[in-house]
Amino acid sequence: MNKIFAVIKREYFQIVKTKGFIISTVLAPVIMIAFIAVPVLLSVKSTGEKKTIAVVDMTGQVFQEFDRTLAEYKMKDESRRYTVQEFRPTAEISGLRSLLSQKVLVNEFSAYIFIPDSILSGGEAEFVSQHVSDFDEIKRLSESLNRVVVGLRLKKEGLDPQRVSDYMKHVGLKTIKVTPQGEKEDVGGTFAMAYVLVLLIYMTLIFYGSIILRGVIEEKSNRVVEIVLSSLKPFELMMGKILGIGAVGLTQYAVWALIGLVMSQYGMSMVTSLVPAASGIKFAIPPYIFFYFVVFFILGYFLYGTLYAAVASTVNNEKEAQQMLMPITMFLVLPILLMTMVIKDPSGSTSVILSLIPFFAPIIMFMRICVLMPPAWQVALSIGLLGLTVVAMVWLAAKIYRIGILMYGKKPSLPEIVKWIKYS
Amino acid sequence: MYALEIDNISKRFGNFYAVQNLSLKIPLGTIYGLLGPNGAGKTTTLRMIMNIIIPDEGKIRVLGRTMGEDMKQRIGYLPEDRGLYPKMKVGDILEFLGEIKGVPKNAMPGKIDYWLDKFELTGWKTKKVDELSKGMQQKIQFIVTIIHDPELIILDEPFAGLDPVNTKLIKDIMLGLKDQGKTIIFSTHRMEQVEMICDNICLINKARMVLEGNLAGIKKQYGKNTILLEYEGDIGFLRNRPEVEKIDDYGRSAEIRLKDKADAQGVLAGLVGKVRIGKFEIQEPSLNTIFIEKVGRSEQ
C-alpha cells in the first residue's frame, strides 16, 4: 500500500508542480469570467458620456414630451445624460438643417433629430450624427421618441396611452420545473449549468485520459518501467498512476468550485448592481447534481483511465496510440452528439437504453439526471452496471498492461492482445 | 542455503520457448555470470527471477524462500532496458525509487548522499535527469539498484555502453559488494569481464543451458591445450602441422588449439626461425573460445 502511495504522490506532484497546471487551473476560470464580465462592464461603461442633441420639431407637439422622457436617463451624479435643445422651424427649413449639420460636424452637438409633420400619421423621424453605429444609444432615443409619438397618436384618437400599453403588454411564459419536492421556477440557469457540467465531464475524461496515455508511453519509451517494476507489481504502478492523475483532476475541480463559489458570492452581486436585468438569472444547482457529477466523473474516469492505460501499454509512441484510441474516443463523442436528443426526450426508450450502457452512462445518465430525475432503479442500475464494468476493465487492463508494458517493437494486433489476456 | 535456486523453469511465448528446462543453484556470496548470445533467454530468466514474468513451469527460490512480491525489497535489479524519468531531479528520483524499495524515510538522505559521493555525482543532486550525460545516468541507475542494501543483486548487461573508467568503477563496486557478502548475478556477452570477476558461470543458448559450473573448473576441464601466440610474419603453414586442431588467427596474435595429447613443443620448434615470436604461452582456452565453440555446436 505504501508503494502505491509513493506512485500516487510522484504522479500527483509531477503534474501539480508544473507551470502548465497552475496556469490552466487558475487561468481557465479567470478567462471564463472575463468572457462574461468584460462585455457587461463595457456596455455599462459606454453609458458614461453626456450628449447634447439638437431637435427640430415640425409638429410643435413632440419636443416637450420628448425632453421629459429623455430626462429619465441620468448620469451617476444625477445630472441629465441627454440634453436636448429645440430649434424652431424657420421658413427656409433646408437652410436650418445644413446649419445644424455644420454644428454636428464641429461637435457642438453630438447629433440632431428631425421630426417631420407627418410623424403623427405614420412618418419617420431622422437621426443625423457623425457616427450612427452606437446601436444602444439609437435604440434608447428611438424608444423614447416612439413612446411620445404613439402616445400623441392615441390621444388624437381619444384613447388613454397608459391603458392601451397595459392591454398590449407582452404575455410571458414562465417555466416551472416540477420535482417531488414541489414546483419551482426555473429560468434556465440550472439547465445551463448542467450543460456545462456534462461538457466538463466529457472534456476532463478525454483530457486526463490522454495524460494517463502520455505518462504510460513516457515510462515505456524512457525504459524506466522495468526499474520501477523491480519494486512493485505492474498493477500497483498502473493503479498508482491512474489514482494520482485522478487526484490531480479532483484538485482542479476543487479549485474551480472554490473560485466559482467566491464568484457567485461576490461576483454576482457585482454584476447585478451594474446590470439589474441579470438578477433574474439564478445559478442554483441542487446539491444532488453535484453528488452525481462526482460519482459519474469518478466511475467514468476509472473506466476510461484504465482503457487509456491499457492502450498506452501496447504501443511504442503516441502516433501508434491514436489509431487504437479511435473506438474509445467514439464512445465519448457519441453521447455528446446524442445530447440534444436525450435532452428533448429524457425518458424515451432510446435515452433509457443509452443511459444504461456503461460506456455511455457517465455522460448520458448524468445528462438525464440534470434534465429530469429518472426513476431510482434506472439510476441504481446504471451505476451498478458501470461499477461492474469498471471492475472488469481494471482486471482486463491490468492483464494487458502487465505484458504490454515490457513489450518493445512491433505493435501487437488485437488477436495477439487477446492471447496475452489468456496467457497471463 | 543458496542465494538462488532455479528448478526446471520454462517460459513459452506462443510456440516459442524463451527458456526451457533451466535449473541452477547460486551459492551465497559469489559472483555468477549468465552468458549467452543475443536472444538466448538471459533477460527472460532474470525477469522470471524478479517475478516480472511468471514461469509456465518450475520453481524459483530466492534467499531460501519462494519468490514473491515481498522478496523484491531484498533484491536489487538493474534491467537491460533501463532509463529514468527525464524531467525529475536526481535527488527526487532516488528518493522515489528508494521509497518503493522500502528504504526508511529518515535513512534516505544519508544513503543518497553517500552513493552520489561514491560515484562522484554530488553536485548533480538538484539537476534534472535529462541534463546528465548518458554515463552519469547509468551510474544513477546503478545507485538505484543498490540503494536499499539488497542481499542479492541482479544486473542485466551492467557494462553495456560504459567507458573503461566507469566500467572499472562499477567492477570495483561489484567486488566490494561481494566482500560484504552480497551475491551478484549478472548477464553479459563480454567474456573478458566474466573471466575477471566471476566465480561461477552458466551459458545459455536458444533457451537451454549448455554449460554450467565453476569458472576455473570449466577451464580445467578443457585442459591446457591452447597456445596463445603473439608474432610477426605469416603462420599459415601451421595449419598443416599434425598437432594443430584449429587456429584463430588475428593477424598479430593467434589462439592455437591442439589436438588431444599433442605436444606444444613441436609447434614452437616449427615456429622458430620462420616468424618473430613475441609471446608463446600454453594455457587453458579463453572463455571466448569455449563460448563460440559451445554456441556454434548447439547451432548445428
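These numbers were taken from a predicted model, which means no experiment stands behind them.

Draft legend 1. Layout of the overall build of chain B. Regarding its fold elements, chain B presents nine helices and 14 strands. For the C-alpha atoms alone, the extent of chain B along its principal axes is close to 70 × 45 × 35 Å. Relative to its 300 residues, chain B shows a buried fraction of 52%. When contacts within chain B are restricted to residue pairs at least 6 apart in sequence, long-range pairs at least 24 apart make up 67% of them. The positive charge centre, built from 44 side chains, and the negative charge centre, built from 41, are 1 Å apart in chain B.

Draft legend 2. Inspection of helix H3 (residues 62–70) of chain A at higher detail. Residue and element names in this part refer to chain A. Those residues of H3 lying buried are Val-62, Phe-63, Phe-66, Thr-69 and Leu-70. Along the axis of H3, the buried residues cluster in a sector spanning 125°; they form a single face. Projecting away from the buried face of H3 at angles above 90 degrees are the exposed residues Gln-64 and Arg-68. Looking at the buried residues of H3, the elements they touch are strand S1 (51–57), strand S2 (82–86), strand S3 (111–115) and helix H5 (135–156).

Draft legend 3. Molecular detail of helix H11 (residues 318–337) of chain A. Residues and elements named next belong to chain A. Helix geometry: H11 is bent most strongly at Leu-325, by close to 50°, with proline Pro-327 lying one to four residues after it. Listed in full, the buried residues belonging to H11 are Ala-321, Met-324, Leu-325, Ile-328, Leu-332, Pro-335 and Ile-336. Taking the backbone nitrogen of Lys-319 as reference, a side-chain oxygen 3.2 Å away marks Asn-317 as the first, capping residue of H11.

Draft legend 4. Geometry of the interface of chain B and chain A. Counting residues at the interface gives 26 residues for chain B, matched by 23 residues for chain A. When chain B packs against chain A, close to 2,400 Å² is buried across both sides, 58% of that on carbon and sulfur atoms. There are three salt bridges connecting chain B and chain A. Our enumeration of links across chain B and chain A arrives at nine residue pairs in polar contact (both at pLDDT 80 or more).

Draft legend 5. Geometry of the packing of H11 of chain A against helix H14 (residues 361–371) of chain A. Residue and element names in this part refer to chain A. One way to put it is that H11 packs onto H14 with a least axis distance of 9 Å and a crossing angle of 20°. One finds that H11 runs roughly parallel with respect to H14. The crossing of H11 and H14 is right-handed. On H14, the residues touching Leu-332, Pro-335 and Ile-336 of H11 are Ile-363, Ile-364 and Met-367. Residues of the contact of H11 with H14, tallied by class, amount to six nonpolar, no polar and no charged.

Draft legend 6. Fine view of the sheet that holds strand S6 (residues 75–78) of chain B. Residue and element names in this part refer to chain B. Strand order across the open sheet formed by six strands is S6-S7-S8-S3-S9-S10, with mixed pairing between neighbours. The strands lining the two open edges of the sheet, one partner per strand, are S6 and strand S10 (208–214). Averaged over neighbouring strand pairs, the angle between their axes works out to 15° when direction is ignored. Examined bridge by bridge, strand S9 (residues 200–205) and S10 share six bridges and lie antiparallel to one another. Bridge pairing in S10 places Leu-203 opposite Leu-211.

Draft legend 7. Local environment of the pattern of salt bridges. Residues and elements named next belong to chain A. Using the criterion set out here, one finds 26 salt bridges over all chains in the structure. Note that Glu-126 and Arg-97 form a salt bridge whose closest N and O atoms lie 2.5 Å from each other. Taken as a pair, Glu-126 in strand S4 (residues 126–129) and Arg-97 in helix H4 (residues 93–105) lie far apart in primary sequence, 29 residues in all. Since its relative accessible area comes to 35%, Glu-126 is described here as partly exposed. Three or more residues joined by partner-sharing salt bridges are found here, namely Arg-10, Glu-11, Glu-219 and Lys-241.

Draft legend 8. Summary view of the nonpolar core. Core analysis: the biggest nonpolar cluster contains 166 residues, and Phe-366 of chain A together with Val-62 of chain B have the highest contact counts within it. No other element matches the 17 residues that helix H10 (residues 287–314) of chain A contributes to this core. Within the second largest apolar cluster, 17 residues are counted, among which are Ile-113, Ile-115, Leu-141 and Val-148 of chain A.

Draft legend 9. Structural detail: the packing of helix H2 (residues 90–100) of chain B against helix H3 (residues 108–118) of chain B. All names here are of chain B. Relative to each other, H2 and H3 sit at 120°, their axes nearing to 10 Å. Classified by the angle their axes make, H2 and H3 are oblique. Crossing angle aside, the handedness with which H2 passes H3 is right-handed. Between H2 and H3, the contacting residues are Val-90, Gly-91, Leu-94, Glu-95, Gly-98 and Glu-99 on the first element and Met-108, Ile-112 and Leu-116 on the second.

Draft legend 10. Structural view of the confidence of the model for chain B. Overall, the predicted model of chain B reaches an average pLDDT of 87, with 99% of residues at or above 70. The ipTM, which scores confidence in the relative placement of chains, is 0.80 for this predicted complex, and the corresponding pTM is 0.74.

Draft legend 11. Looking closely at unusual backbone geometry. Residues and elements named next belong to chain B. One non-glycine residue, Lys-206, lies in the positive phi region at around 50°. You can see Lys-206 is positioned in the loop between S9 and S10. Located in the positive-phi region is Ala-207, a residue other than glycine, with phi close to 75°. Along the chain, the position of Ala-207 falls in the loop between S9 and S10.

Draft legend 12. Fine view of the pairing of S6 of chain B. Residues and elements named next belong to chain B. Burial along S6 is two-sided: Ile-75 and Tyr-77 and Gly-76 and Leu-78, pointing in opposite directions, are all buried. Direction of pairing for S6 relative to strand S7 (residues 152–156): parallel, over a ladder of four bridges. Its bridge partner being in S7, Tyr-77 is matched across the sheet by Ile-154.

Draft legend 13. Representation of the state of the cysteines in the model. All names here are of chain B. Applying the stated criterion across every chain yields a total of zero disulfides over all chains. Between Cys-198, a free cysteine, and Cys-202, which holds the nearest cysteine sulfur, the sulfur-to-sulfur gap is 11 Å. You can call Cys-202 buried: its relative accessible area is 0%.

Draft legend 14. How the structure looks around the environment of Thr-329 of chain A. Mapped onto the elements of the fold, Thr-329 of chain A is located in helix H11. Spatially, the C-alpha atoms of Thr-329 of chain A and Ile-206 of chain A are 7.8 Å apart, while their sequence positions differ by 123 residues.

Draft legend 15. Molecular detail of the packing of aromatic side chains. Going through the model one piece at a time under the given rule, you end up with 20 aromatic pairs over all chains. Considering the side-chain rings of Tyr-73 of chain A and Tyr-82 of chain A, the 5.9 Å spacing of their centres and the 85° angle between planes classify their relative orientation as edge-to-face. Overall, Tyr-73 of chain A belongs to the partly exposed group, its relative accessible area being 21%. The ring of Phe-114 of chain A has Arg-97 of chain A sitting right over it, with the charged end atom 4.2 Å from the ring centre. It is Lys-127 of chain B that lies over the ring of Trp-124 of chain B; its NZ or CZ is 5.9 Å from the centre.

Draft legend 16. The arrangement of a positive patch on the surface in detail. A contiguous patch of positive charge on the surface is contributed by Lys-17 and Lys-19 of chain A together with Lys-89 and Lys-128 of chain B. Its location among the elements puts Lys-17 of chain A in the loop between helix H1 (2–16) and helix H2 (19–45).

Draft legend 17. Structural view of the sheet that holds strand S1 (residues 2–13) of chain B. Residues and elements named next belong to chain B. Pairing is antiparallel across the open sheet formed by four strands, whose spatial order is S2-S1-S4-S5. Since the sheet does not close on itself, it has two edges, and those belong to strand S2 (16–27) and strand S5 (65–66), each with one partner. Alignment of S1 against S2, held across eight bridges, turns out to be antiparallel. By the bridge assignment, Lys-11 is partnered in S2 with Val-19. Relative to S1, helix H1 (residues 42–49) is tilted by about 120°, and along the sheet it contacts S1, S2 and strand S4 (57–62).

Conventions adopted
- Residues numbered from 1 in each chain as written.
- Chains lettered and ligands numbered in written order.
- Predicted model: local features only at pLDDT ≥ 70, side-chain atom pairs only at ≥ 80, totals over all residues.
- Heavy atoms only, no water.
- Helix = DSSP H or I, 4+ residues; strand = E, 2+ residues; numbered from the N terminus.
- Buried < 20%, exposed > 50% of the residue type's maximum accessible area, 1.4 Å probe, protein only.
- Contact = heavy atoms within 4.5 Å.
- Lys, Arg positive; Asp, Glu negative; His and termini not counted.
- Charge placed at Lys NZ, Arg CZ, Asp CG, Glu CD.
- Arc of directions from axis to C-beta.
- Bend = angle between axes of the 7 residues up to and from the residue.
- Polar contact = N/O pair within 3.5 Å; in protein donor to acceptor, adjacent residues only side chain to side chain.
- Buried area = accessible area lost by both parts, 1.4 Å probe.
- Salt bridge = Lys/Arg side-chain N within 4 Å of Asp/Glu carboxyl O.
- Axes fitted to C-alpha atoms, helices over the stretch in contact; angles between N-to-C directions.
- Parallel < 35°, antiparallel > 145°, perpendicular 65-115°, else oblique.
- Left-handed = near helix turned anticlockwise from the far one by under 90°.
- Nonpolar A, V, L, I, M, F, W, Y, C, P; charged D, E, K, R; others polar.
- Pairing = 2+ DSSP bridges.
- Core = buried A, V, L, I, M, F, W, Y, C linked by side-chain atoms within 4.5 Å.
- pLDDT = per-residue confidence, 0-100.
- Disulfide = S-S within 2.5 Å.
- Phe/Tyr/Trp six-rings, centres within 6.5 Å; stacked < 30°, edge-to-face > 60°.
- Lys NZ or Arg CZ within 6 Å of the ring centre and 35° of its normal.
- Patch = residues over 30% accessible without salt bridge, like charges linked within 9 Å, V, L, I, M, F, W, Y side chains within 5 Å.
- Areas by Shrake-Rupley, 256 points an atom, 1.4 Å probe, with all protein chains shown as cover.

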